[in-house]
Amino acid sequence: RHSYPKGIWFLISFLLLLGLIQTHSRAAWMGAVIGLGFYCMQKFRIGFLWQIIIFIGVILGSGLYFLHGYKADSAQGRLAIWKVSATMIKESPFVGHGLGSFSQQYMYYQSRYIQTEASETEICLLGNTKYAFNEFIHIAVEQGSIGLTTIIAVLLWLMRAAYRKKEKKTLVSCLLGLSVFACFSYPFE
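Residues numbered from 1 in each chain as written. Predicted model: local features only at pLDDT ≥ 70, side-chain atom pairs only at ≥ 80, totals over all residues. Heavy atoms only, no water.

A.B. asks: Residue-level account of the layout of surface pockets, with values.
C.D. replies: Approximately 560 Å³ is the volume found for the second largest pocket. Lining the second largest pocket are 23 residues, and of these Phe-38, Phe-55, Met-159, Val-172 and Leu-176 lie nearest its centre. For the lining of the second largest pocket, the secondary structure elements donating two or more residues are α2 (26–43), α3 (48–70), α7 (135–163) and α8 (168–182). (1 Å grid on protein atoms, 1.4 Å probe; cavity = no way out; pocket = protein on both sides within 12 Å on 5 of 7 lines; lining within 4 Å. Points joined across faces, edges and corners; volume = space filled by probe spheres on them. Helix = DSSP H or I, 4+ residues; strand = E, 2+ residues; numbered from the N terminus.)

Written out as structure tokens, the structure is:
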């Protein structure tokens, strides 16, 4: 195992932070903060109950308010996309519509939603999209609850397996950050 000077790690971390800031991606920021927060809590051996309290405090306290307010129209647009996606899930909840079906069928469902349920604000925010801006919703649309359950089980199994390894802090933090990022974006694409 190679040991690098702390200055190299600081430089790499600084460059990654600059890149993260330049993306203007709220989902990436949230994933990074939660992954890093978990890493720090494990490193400093903070108890499980305190980890839950801190996690809820960060998410509910500042995270959601800031992340929604930063680009409010984008957040509202995603919520509208998720409403349309929920309609798709309701029509085929167990097996979904099939692989690749989201981009093929979403616009039909959106059109129906605009004609029947959408508010004026939502109509202005909805456009041509092929992403659900939430990997788990995307999977539920295409593969139903069976596919979604399988994916979540695999992620949990990977986190559990990583937690048992020596490098648990790094591996679990990365998987946790990726999972949070996937709740608001499409990193698996």
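Once you've had a look at it, read on.
A.B. asks: Describe the packing of helix α4 (residues 72–91) against helix α5 (residues 101–116), and please don't skip the residues or the numbers.
C.D. replies: Contact geometry of α4 with α5 gives a least axis separation of 9 Å together with a crossing angle of 105°. With respect to their mutual orientation, α4 and α5 come out roughly perpendicular. Along the contact surface, α4 presents Ile-81, Lys-83, Val-84, Ser-85, Thr-87, Met-88 and Glu-91, while α5 presents Phe-102, Gln-105, Tyr-106, Tyr-109, Gln-110, Arg-112 and Tyr-113. Classifying every residue of the contact of α4 with α5 by side-chain character gives 7 nonpolar, 4 polar and 3 charged. (Axes fitted to C-alpha atoms, helices over the stretch in contact; angles between N-to-C directions. Parallel < 35°, antiparallel > 145°, perpendicular 65-115°, else oblique. Contact = heavy atoms within 4.5 Å. Nonpolar A, V, L, I, M, F, W, Y, C, P; charged D, E, K, R; others polar.)

A.B. asks: Quick rundown of the environment of Gln-143? Include the residues and the values.
C.D. replies: Position of Gln-143 among the secondary structure elements: in helix α7. Its relative accessible area of 29% is what places Gln-143 among the partly exposed residues. Considered as a pair, Gln-143 and Ser-92 are 51 residues apart in the sequence and their alpha carbons are 9.0 Å apart. Beyond its immediate chain neighbours, meaning those up to four positions away, Gln-143 contacts Phe-94, Val-95, Gly-96 and Leu-99. (Buried < 20%, exposed > 50% of the residue type's maximum accessible area, 1.4 Å probe, protein only.)

In short, the description is geometric, and any link to function would need to be established separately.
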